[in-house]
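Below are the chains, spelled out letter by letter.
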Amino acid sequence: MARATRSSATKPPVAKASPTVKDEPVQLSSPPTTPVPQSSRKRKAVKHEDDSEPEPSVKTPATSKSSKRAKTAAVKKEEVNDLPHNLGAIPDLSPNADANDDGPSAKKTAKPKKAAKPKAPKKEKVEDVVAKATMTTKESPKKKGKNNSYGLTPGHTPYPNWPHPSAEECEEVTRLLSKVHGEVHAPKTIPVPSLEVSGCGEVPSVLDALIRTRLSAATSGTNSSRAFAGLVARFGILKSGVGKGSVDWNKVRLADTKDVFEAIKSGGLADVKSKDIKKILQMVWEENQARREELLSSEAQAPGSANEAPEEKDAEVDKAEQNIVSLDHLHLLSTDDAFNALTKYPGIGPKTASCVLLFCLQRPSFAVDTHVFRLCKWLGWVPPPGDPAGLAPNAKGTFAGPTRNSTYAHCEVRVPDDLKYPLHQLLIRHGKSCPRCRAITGESSEGWKKGCPIEHLVQRSGGRKDGGAATTPVKGAKGRKTSAKKKVEESDESEAKSSGLSDVESSELSDLESE
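Residues numbered from 1 in each chain as written. Predicted model: local features only at pLDDT ≥ 70, side-chain atom pairs only at ≥ 80, totals over all residues. Heavy atoms only, no water.

## Side note on the overall build of the protein
Next, step 1: Secondary structure summary: the protein contains 21 helices and zero strands in total.
Next, step 2: Burial analysis of the protein (515 residues in total) assigns 40% to the buried set.
Next, step 3: Counting every atom, the protein has about 30000 Å² of accessible surface; 54% of that belongs to carbon and sulfur. (Helix = DSSP H or I, 4+ residues; strand = E, 2+ residues; numbered from the N terminus. Buried < 20%, exposed > 50% of the residue type's maximum accessible area, 1.4 Å probe, protein only. Areas by Shrake-Rupley, 256 points an atom, 1.4 Å probe, with all protein chains shown as cover.)

Shown next as structure tokens:
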């Protein structure tokens, strides 16, 4: 027992106020505890309890919160740090870990050392740099191209519950429009390419047809023809081969994008189209070189080569060796495969691909431009907004309305193959010339009273610029704008008639699909 002295007896209030005496009861059977930091005292106490059973005479205070926390921490440490099957504790593998330091300071010192971890992957980074430096250009199409189906499945309509148009409806519209605009038949042979009119694919060369159609997108026929003439003047034409009389596309491929821009800047959207044309030509050239290797290989087989005669294979190899950029091998593919091959190029969507299929590859395809889209909606060939038939099976919500691409997919299935070419041409002619079916028109428009041959079949709706017809007279500034718009359309239409190409695109086209 501690000895009581006179000096200690004179200070009883201080001793009672000390919290350490109250929190640390000392038993006679236990040795006095050595004053140490709180964290160390807990760790040592827990370790003593874990290593051996306490003697009966030693009692651990049940009311000590610090002791409970120490026990909990010890249990958690065992669960986290012990290896299974009694293999011991997980060693500390940190590079600056101190084997003798198992206190809380060890965690603090190890945490900032995370910054040293990036030192290990440095070797991989160097290898990545070397790999990038030695990468071949064969991987570039994966970066430049796109694999976009636009949500379409060839041979399947997005509106399976919509029964229009029927074959009879298609035949009736074709018959009525033929009386006004003349009968239209698909040509048996593809005409010689024109250097004055770009057109929309009416040329023998598939690549030539693709670029011409791309130039015609979202602009007038006059502007697209100017752009094409600019390419001819700057890069020249081929003197022989399938592409004879058309642009030397390999020179365009090797040229700077700025030069291509300058050549087509009069055609509208030259910045976007020049970049697309450059990317398309580079992708096609690389595909030609890959096909050449496959045709020369005894193991690999180029797509469609099974349908290619030996002399045709030799000619394709020769063209690739001479750097003649060509897409003529698409003739060997099925219609669906050719469509998918065309839509992977930047700026090429369903409408452009369908035009190439229809006019160059001479496959039945119902291309849908802005005029065809407008008339298909007015004829009721696609479900209107809000109609449940426009929703996919088990889909919820309200149908927002058809799009150009969904209209193409639906009519591609519903329109008979033998009517796709004439009906496409007739709808374009009618949509550009009919006073009541033009994009911008109204009851006060010139020629409105002349009527429409399909008046009893259509139900006009929508906004002026969106494909619908205004039902009230247009006045003021809008009226002047409408008048100017009519002049542009009539000018394009007269040029199309004089050139014999009724598919020259109007200024309303919006075929700028994203990459």
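Let us keep going from here.
## A closer look at the side chain of D208
Next, step 1: Its location among the elements puts D208 in helix α10 (residues 206–216).
Next, step 2: The buried category is assigned to D208, whose relative accessible area is 1%.
Next, step 3: What D208 contacts, discounting residues up to four positions off in sequence, is P193, V203, F228, S246 and W249. (Contact = heavy atoms within 4.5 Å.)

## Observations regarding a negative patch on the surface
Next, step 1: Together, E311, E312, D314 and D318 make up a region of like negative charge exposed at the surface.
Next, step 2: If you trace the backbone, D314 turns up in helix α15 (residues 310–321). (Patch = residues over 30% accessible without salt bridge, like charges linked within 9 Å, V, L, I, M, F, W, Y side chains within 5 Å. Salt bridge = Lys/Arg side-chain N within 4 Å of Asp/Glu carboxyl O. Lys, Arg positive; Asp, Glu negative; His and termini not counted. Charge placed at Lys NZ, Arg CZ, Asp CG, Glu CD.)

## Digging into the nonpolar core
Next, step 1: Of all hydrophobic cores here, the largest spans 75 residues; its most connected members are L207, L231, W249, F366 and L427.
Next, step 2: Residue contributions to this core peak at seven residues, all from helix α14 (residues 270–296).
Next, step 3: Counting the residues that make up this core, at least three belong to each of domain 1 (149–186 + 368–392 + 400–461) and domain 2 (205–361).
Next, step 4: Other than its neighbours up to four places away in sequence, F366 contacts S354, V372, C376, Y408, C411, E412, V415, K420, L423, H424 and L427.
Next, step 5: Ranked by size, the runner-up nonpolar core spans six residues in total, among them Y159, A389, L391 and F399. (Core = buried A, V, L, I, M, F, W, Y, C linked by side-chain atoms within 4.5 Å. Domains from an automatic or database assignment.)

## Thoughts on the packing of aromatic side chains
Next, step 1: One pass over the structure, following the stated rule, counts three aromatic pairs.
Next, step 2: For the ring pair F359 and Y421, a centre distance of 5.6 Å and an interplane angle of 70° mean the geometry is edge-to-face. One end of the pair, F359, is in helix α17 (residues 350–359); the other, Y421, is in helix α20 (residues 417–433), and 62 residues separate them in sequence.
Next, step 3: Residue classification places F359 among the buried residues on the basis of a relative accessible area of 5%.
Next, step 4: Overall, the relative accessible area of 13% leaves Y421 in the buried class.
Next, step 5: Positioned over the ring face of W378 is R374, at 6.0 Å from the centre of the ring.
Next, step 6: For the cation-ring pair, K377 lies above F373, with the distance from its terminal atom to the ring centre recorded as 4.2 Å. (Phe/Tyr/Trp six-rings, centres within 6.5 Å; stacked < 30°, edge-to-face > 60°. Lys NZ or Arg CZ within 6 Å of the ring centre and 35° of its normal.)

## Points about the packing of α14 against α15
Next, step 1: Axis separation between α14 and α15 bottoms out at 9 Å; the angle between their running directions is 135°. One element, α14, and the other, α15, form an angle in the oblique class. When the axes of α14 and α15 are compared, the crossing they make is left-handed. Within the contact between the two elements, α14 uses N288, Q289, R291, R292, L295 and L296 and α15 uses K313, E316, V317, A320 and E321.
Next, step 2: Broken down by class, the residue content of the contact of α14 with α15 amounts to four nonpolar, two polar and five charged. (Axes fitted to C-alpha atoms, helices over the stretch in contact; angles between N-to-C directions. Parallel < 35°, antiparallel > 145°, perpendicular 65-115°, else oblique. Left-handed = near helix turned anticlockwise from the far one by under 90°. Nonpolar A, V, L, I, M, F, W, Y, C, P; charged D, E, K, R; others polar.)

## Quick notes on the pattern of salt bridges
Next, step 1: Scanning the entire structure with this criterion turns up 13 salt bridges.
Next, step 2: Note that E287 is salt-bridged to K344, the shortest N-O span being 3.1 Å. Linking E287 in helix α14 with K344 in the loop between α16 (335–343) and α17, this pair joins segments that are 57 residues apart in sequence.
Next, step 3: The exposure class assigned to E287 is buried, which follows from its relative accessible area of 15%.
Next, step 4: Between D417 and K420 there is a salt bridge, with the nearest N and O atoms lying 2.9 Å from each other. Taken together, the residues D417 and K420, both in helix α20 and three residues apart, mark about one turn of the helix.
Next, step 5: Accessibility expressed as a relative area gives 2% for K420, which makes it buried.
Next, step 6: Three or more residues are tied together by salt bridges with common partners; here these are R291, E308 and E316.

## Describing the confidence of the model for the protein
Next, step 1: When pLDDT is averaged across the protein, the result is 73; 60% of the residues are at 70 or more.
Next, step 2: Of all helices and strands in the protein, the one with the weakest mean pLDDT is helix α21 (residues 476–499) (37), whereas helix α9 (residues 167–181) scores best (97).
Next, step 3: Note that pLDDT drops below 50 for residues 464–515; the model gives that stretch 120 contacts with residues more than four away or on any other chain. (pLDDT = per-residue confidence, 0-100.)

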